Amino acid sequence: MSPAAEERHETRDTDLGGEELRARLSKTWGTGRGLIGALSTVDHKIIGIRYAMTAFAFLLAGGIMAIIMRLQLARPDSHLVDAELYNQLFTMHGTTMMFLFGVPVGEAFAVYLVPLMVGTRNIAFPRLNAFSYYVYLFGGLMLWGGFALSIRPDVGWFSYVPLASLDFTPGKGPDYWAQMITFTEVAALAVSVEIVVTVLKQRAPGMTLDRIPLFVWTMLVHSFIIIFAMPAVMLASSMLIMDRLVGTQFFNADAGGDLLLWQHLFWFFGHPEVYIIFLPGTAFVSAIVATFSRRPIFGYLPMVLSLIAIGFLSFGLWVHHMFVTGLPEVGAAFFTASSMAIAIPNGVQIFCWIATLWDGKPVLKTPLIFVLGFFFIFVAGGLSGVMLASVPIDTQVHDTYFVVAHFHYVLIGGTLFPLVAAVYYWFPKVTGRLMDERVGKWQFALAFIGFNTAFFPMHLLGLHGMPRRVYTYPAEMGWGGLNLLASAGALLFFASFLLMLWNMVVSARSGAFAGDNPWDAETLEWAASSPPQPQNFDRIPYITSRSPLWDQGDDKAVVGGLKVDERELVVTSITEARPDIREESPAPSIWPFLAAFATAVAFIGSIYTPWAITWGSPVVAIVLVAWFWPKTIEENV
Amino acid sequence: MVRSVIDVSGLPTYAFGSRVTPWWGTLSFCLLEGTGFALGIAGYLYLAVTNTHWTKDAVHLNLVWSALFTIVLVVSALPNFLIRRAAMRESLRSVRVLLLVMSAVGLVLVGLRVMEFSALPVRWSDNAYGSFVWLLLGLHGVHVLTDVADTLVLTVLMFTRHGTGKRFSDAEDNAFYWYFVVLSWLPLYAVLYWLPRL
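These numbers come from a predicted model, not from an experiment.

1. As for the overall build of chain B
Moving on, step 1. Helix and strand counts for chain B stand at seven helices and one strand.
Moving on, step 2. Mapped from its N terminus to its C terminus, chain B presents α and β elements in the order β-α-α-α-α-α-α-α.
Moving on, step 3. For a compact globule of 198 residues, the expected C-alpha radius of gyration is about 16 Å, and chain B comes in at 21 Å, more than 25% above that figure.
Moving on, step 4. Going through the 198 residues of chain B one by one, you find that 50% of them count as buried.
Moving on, step 5. In chain B, the proportion of contacts linking residues at least 24 apart, taken out of those at least 6 apart, comes to 81%.
Moving on, step 6. Of the roughly 8600 Å² of accessible surface on chain B, 71% is carried by carbon and sulfur atoms.
Moving on, step 7. Of the side chains in chain B, 14 bear a positive and 11 a negative charge, and the two mean positions are spaced by 6 Å.

2. Digging into the UniProt feature "domain: Cytochrome oxidase subunit I profile" (unreviewed entry) in chain A
Moving on, step 1. Per the UniProt record, the feature "domain: Cytochrome oxidase subunit I profile" (unreviewed entry) sits at residues 23-544 of chain A.
Moving on, step 2. The span residues 23-544 of chain A shows a helical share of 69% and a strand share of 0%, and its end C-alpha atoms are spaced 28 Å apart.

3. With respect to the UniProt feature "domain: Heme-copper oxidase subunit III family profile" (unreviewed entry) in chain B
Moving on, step 1. As recorded in UniProt, the feature "domain: Heme-copper oxidase subunit III family profile" (unreviewed entry) lies at residues 24-197 of chain B.
Moving on, step 2. Segment residues 24-197 of chain B splits into 82% helix and 0% strand. End C-alpha atoms: 39 Å apart.

4. A look at the environment of A:Pro534
Residue and element names in this part refer to chain A.
Moving on, step 1. Here proline 534 is to be found in the loop between α17 (480-510) and α18 (548-551).
Moving on, step 2. Counting along the chain gives 317 residues from proline 534 to tryptophan 217, while the straight-line C-alpha distance between them is 24 Å.
Moving on, step 3. Proline 534 has contacts with Ser26, Trp29, Gly30, Asp43, Lys45 and Arg121, leaving out every residue within four places of it along the chain.

5. Here's the deal with the pattern of salt bridges
Moving on, step 1. All told, the structure shown has 22 salt bridges over all chains when counted by the stated rule.
Moving on, step 2. The network of salt bridges with common partners includes A:Glu10, A:Arg12, A:Lys563 and A:Glu566.

6. Concerning the interface of chain A and chain B
By a widely used convention, the size of an interface equals the accessible area lost when the partners come together.
Moving on, step 1. Facing 62 residues of chain A, the contacting portion of chain B comprises 54 residues.
Moving on, step 2. Between chain A and chain B the total buried area reaches about 4900 Å² when both faces are included, carbon and sulfur atoms providing 66% of it.
Moving on, step 3. When the area that chain A buries against chain B is broken down by residue, the three leading residues are A:Arg582, A:Trp629 and A:Asn636, summing to 12%.
Moving on, step 4. Here chain A is connected to chain B by two salt bridges.
Moving on, step 5. The salt bridge partner of B:Arg3 is A:Asp555, with a shortest N-O separation of 2.9 Å.

7. Observations regarding the confidence of the model for chain A
Moving on, step 1. Chain-level pLDDT for chain A is 94 on average; 99% of the residues reach the 70-or-more range.
Moving on, step 2. The least confident element of chain A, judged by mean pLDDT, is helix α1 (residues 3-10) of chain A at 59; the most confident is helix α4 (residues 44-73) of chain A at 98.

8. Regarding the environment of A:Val391
All names here are of chain A.
Moving on, step 1. With respect to the helices, strands and loops of the structure, valine 391 is situated in helix α14 (residues 391-397).
Moving on, step 2. Each C-alpha atom of the pair valine 391 and histidine 320 lies 8.2 Å from the other, and the pair is 71 residues apart in sequence.
Moving on, step 3. When residues no more than four places from it in sequence are discounted, the contact partners of valine 391 are Phe323, Ala332 and Thr336.

9. Here we look at the UniProt feature "transmembrane region" (unreviewed entry) in chain B
Residue and element names in this part refer to chain B.
Moving on, step 1. Per the UniProt record, the feature "transmembrane region" (unreviewed entry) sits at residues 23-47, 59-83, 95-112, 132-156 and 176-195.
Moving on, step 2. With 100% helix and 0% strand, residues 132-156 has its two end C-alpha atoms placed 36 Å apart.
Moving on, step 3. End C-alpha atoms of residues 176-195 are separated by 29 Å, and the span's content is 95% helix alongside 0% strand.

10. Topic: the nonpolar core
Residues and elements named next belong to chain A.
Moving on, step 1. One finds Phe215, Phe417 and Trp426 to be the most contacted residues of the largest nonpolar core, which totals 266 residues.
Moving on, step 2. Of the residues forming this core, the biggest block, 21 residues, is contributed by helix α9 (residues 259-293).
Moving on, step 3. For tryptophan 426, the residues in contact, after removing those within four places along its chain, are Phe109, Leu113, Met117, Phe215, Phe284, Ala287, Glu525 and Trp526.

11. Quick notes on the packing of α4(A) against helix α6 (residues 126-148) of chain A
Residues and elements named next belong to chain A.
Moving on, step 1. Relative to each other, α4 and α6 sit at 20°, their axes nearing to 10 Å. By the angle between their directions, the pair α4 and α6 is classed as roughly parallel. Relative to α6, the crossing made by α4 is left-handed. Contacts from His44, Ile47, Arg50, Tyr51, Thr54, Ala55, Phe58, Ala61 and Met65 of α4 reach α6 at Pro126, Asn129, Ala130, Ser132, Tyr133, Tyr134, Tyr136, Leu137, Gly140, Leu141, Trp144 and Phe147.

12. Here we look at the packing of aromatic side chains
Moving on, step 1. For the structure on display, the rule yields 77 aromatic pairs over all chains.
Moving on, step 2. Plain terms: the ring middles of A:Trp157 and A:Trp267 are 6.0 Å apart, the flat faces sit at 80° to each other, and that makes the pair edge-to-face. In this pair, A:Trp157 is assigned in the loop between α6 and α7 (173-201) and A:Trp267 in helix α9, connecting sequence segments 110 residues apart. You'll find A:Trp157 and A:Trp267 in the same group, each marked buried.
Moving on, step 3. Ring geometry for A:Tyr425 against A:Trp426: centres 4.6 Å apart, planes inclined by 75°, an arrangement best described as edge-to-face. The exposure classification of A:Tyr425 matches that of A:Trp426, with both residues buried.
Moving on, step 4. The aromatic ring of A:Tyr300 is capped on one face by A:Arg546, whose charged end is 3.6 Å from the ring centroid.
Moving on, step 5. Taking the ring centre of B:Trp194 as reference, the NZ or CZ of B:Arg197 above it sits at 5.9 Å.

Definitions and limits used
- Residues numbered from 1 in each chain as written.
- Chains lettered and ligands numbered in written order.
- Predicted model: local features only at pLDDT ≥ 70, side-chain atom pairs only at ≥ 80, totals over all residues.
- Heavy atoms only, no water.
- Helix = DSSP H or I, 4+ residues; strand = E, 2+ residues; numbered from the N terminus.
- Rg over C-alpha atoms; globule rule 2.2 N^0.38 Å.
- Buried < 20%, exposed > 50% of the residue type's maximum accessible area, 1.4 Å probe, protein only.
- Contact = heavy atoms within 4.5 Å.
- Areas by Shrake-Rupley, 256 points an atom, 1.4 Å probe, with all protein chains shown as cover.
- Lys, Arg positive; Asp, Glu negative; His and termini not counted.
- Charge placed at Lys NZ, Arg CZ, Asp CG, Glu CD.
- UniProt positions renumbered as here; feature names shortened; annotations may be inferred.
- Salt bridge = Lys/Arg side-chain N within 4 Å of Asp/Glu carboxyl O.
- Buried area = accessible area lost by both parts, 1.4 Å probe.
- pLDDT = per-residue confidence, 0-100.
- Core = buried A, V, L, I, M, F, W, Y, C linked by side-chain atoms within 4.5 Å.
- Axes fitted to C-alpha atoms, helices over the stretch in contact; angles between N-to-C directions.
- Parallel < 35°, antiparallel > 145°, perpendicular 65-115°, else oblique.
- Left-handed = near helix turned anticlockwise from the far one by under 90°.
- Phe/Tyr/Trp six-rings, centres within 6.5 Å; stacked < 30°, edge-to-face > 60°.
- Lys NZ or Arg CZ within 6 Å of the ring centre and 35° of its normal.

Dropping the structure here:
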């Protein structure tokens, strides 16, 4: 190595400062130009934005499905869509919202924000992160591409057997559904592993366990839930597709299989799934409530313990989805009790947020207003949840619109309202510009009124006996008025999202400049520039408190000694975050994209012939070897 | 005012075991794959309890090939242990020799697993019991196959100019994962081969 190269090789962040350091680091951590550069990027921020935009596109698609269904149900005896299409619509709506929007959108925020909040330069295993995004994208495109080509699953988002078996549903719809599960769960599991390792090992020096932001704690618990829950649905959907394609008998009661086995495996995933979708919402709420109350969250320790309790309890509830399947009474009683028990840690969280607001000086900006909407709607959904946990009530209203009302209150209240809050809150970090506040408040009014008008009447419809998943109803039932009201509300609610989309587009181009920390928030992402540089931070911060940006004065403690021209980051110890290793973070690579592509071809091919796995595996293996093989001798040092 | 309070320039660029990120990544994958195995076994047991024809369906599996497989697999933990140790000492010669040993052992195990499949008295399509036997054996087989493939690539890698520094940490990580392949087999072996005989 020439002396000049050696000097460049050895330059540390302590040797430089200001603009030169920023420019050199930005070059080291940057993304290449052109299509190849874009497909090779390993920057967690770019991939996080792609995750979010893809998830929002699916939200729009799933929302349009919902609107078509509401138009159909707006009046009795309607023939806007027929029964067959209606089955496809509610299947695609549920599947899209749960697997292609609900789970990935939480990951999008985790991928973008967690590395910034823990003060590191990239997520752990950044190439796996890139791979996971492409796998998710291909899975979503496969499902919707199939839909466009009239290969349409129509057996519900949970694909119950025997309806989903080959005997009752020939065609490829359920196979596309099952394979989409494999795609999205591979992606979700990969991201979870990355988040766990980023949080455990890549926190900035000094960020001990009790200084981890609540947002990050929440995403850690969220990731662990995914790690233990998602294998269940992957296993179940693989068993289903094998029953359909190669003649296994897992769910065939005539050959020793069992129908309820599907339900057990599905809901062992399916109930934690509710928390997989909901916990990111609580992460947003914790961050936003603290910032706009101008004080740290009240009860940090009970909040963390509640999160962990929710993580454990979420695995003890699944059977309450199966109360009408004729369970032993003791089993039903146990799952009733555990379903009620989980209201306790959720309640603790709600009380801590309210106490924070109570003791603080709340600033009513759009993010906080949406959080207040969340309190109202989520608590209402939680209360109907406690009602449903009781077997006699559940038996009465099972498969009625009461249940539809309940879970939309929980999921939309628990996830979408905080999500909109999060969009308004972090938009300035991502784009450098603020979203329009006035439009934000109009949006809230539309969303809140629209949502409650759409979904509150469904409680009543359910109590009046209107079943779920019917494409129409006779006028004599007397459900017409409430349905019309619900449909009108749904249109308003949908319009609120179009308003947000418009606000995002306009604000990205001409919104007010935000600066680094427009809300005067406490956590580290606001110490980075807006939008953040590829390296996130020019100097890795040294953490001495739970609210680093509030507690530090002009004196900023930082870590020194990382190389400037190599992708180095600090690996720290798990509990005390003592610096331990200068680990090299992988550079951009096209191989994750190619690996995802090869995997997608093999998975989609397997729907048509099992040999696709046999022939696809060696190809995937070769691509993986190319991905991991060191390209230079320096990579080994 | 920016003030450096810690200097990390003297820290190593790689280490072993739980100090490095890949170890935690591997552990996380062991957790999620272990959950998959546990749920697979749970499904098998669920049918064993609920299906009235189970005792008739659950034909006994051939003990010869599986016993050989289990013995070789358990014994492989020893060279695996030695690899971890040699890797942590960064002894290139020992790591190379032991990786060759592990590659050979791995290929033998793949062969034994193929024999296990060919000796199965039940097909996956015969009944749900057969489906589960093929599923669980296959699921574990995939783990054996992928780690053997990984070991082969690593063996080649250690014989090239890349066989230095951080690659010892990779070798250690690969050995760590092999323990999971060994340990996850034991409950599967008990359930598949011995439970129906009780």
